[in-house]
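One letter stands for each residue in the lines below.
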Amino acid sequence: MATHINGSWELGAKMTALVVDDDSINQTIHHRLLEQLGIENQVARNGKEAIDIHCSGKKFDLILMDRDMPIMNGIEATRKLRAMGIRSMIAGVSTRCVKQEIQEFMEAGLDDYQEKPLTSAKIISILHKIHHSGSISY
């Protein structure tokens, strides 16, 4: 299980995350926020890359999924990941704030939704949900 100690997460095994976003600035911000919390992470530029990474056998405890991306958007990617049996916590991140659009994203299989820009506090909120659901993969 994850416990928060002195600004980082102590885990029985190293926690991993996948950042899925087509915007290089958001990729960098999310990557660094996770890194500062001691979470090993990788970046994918769109939903198709996220699917391909999982097909190669990689597994993640957390997936931060942007909604609007070229090639394959976050809604379609989330649906496909769930159909593949991926049980990682998937948190949708987007600038969208219209209730209906957020609901559509949640119904695709998200565990959580956060508005951009992500902050350490928002990521910690997601991590607490992982901790309480016991969904960290070892």
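Definitions and limits used
Residues numbered from 1 in each chain as written. Predicted model: local features only at pLDDT ≥ 70, side-chain atom pairs only at ≥ 80, totals over all residues. Heavy atoms only, no water. UniProt positions renumbered as here; feature names shortened; annotations may be inferred. Helix = DSSP H or I, 4+ residues; strand = E, 2+ residues; numbered from the N terminus. Buried < 20%, exposed > 50% of the residue type's maximum accessible area, 1.4 Å probe, protein only. Contact = heavy atoms within 4.5 Å. Axes fitted to C-alpha atoms, helices over the stretch in contact; angles between N-to-C directions. Parallel < 35°, antiparallel > 145°, perpendicular 65-115°, else oblique. Left-handed = near helix turned anticlockwise from the far one by under 90°. Nonpolar A, V, L, I, M, F, W, Y, C, P; charged D, E, K, R; others polar.

In the nomenclature of an unreviewed UniProt entry, the chain corresponds to Response regulatory domain-containing protein from the organism Salix brachista.

This part is about the UniProt feature "modified residue: 4-aspartylphosphate" (unreviewed entry) in the chain. The sites that UniProt annotates as "modified residue: 4-aspartylphosphate" (unreviewed entry) are D66. Relative to the helices and strands, D66 resides in strand 5 (residues 62-66). Assessed through its relative accessible area of 5%, D66 is described here as buried. Not counting the four nearest positions on each side in its chain, D66 is found in contact with V20, D21, D22, G74, V93, S94, F105 and K116.

Take unusual backbone geometry next. In this chain, K116 is followed by P117 through a cis amide linkage whose omega measures 5°. Residues other than glycine seldom take positive phi values, yet I71 does so here, at roughly 70°. Tracing the sequence through the fold places I71 in the loop between strand 5 and helix 3 (74-83).

Next up on the list: the packing of helix 2 (residues 47-55) against helix 3. Remark: helix 2 packs on helix 3, axes separated minimally by 8 Å, with the N-to-C direction vectors making an angle of 20°. By the criterion of interaxial angle, the relationship of helix 2 to helix 3 is roughly parallel. Crossing geometry of helix 2 relative to helix 3 is assigned as right-handed. Two secondary-structure elements touch here, helix 2 through G47, A50, I51 and H54 and helix 3 through A77, K80 and L81. Taken together, the residues of the contact of helix 2 with helix 3 sort by class into four nonpolar, two polar and one charged.

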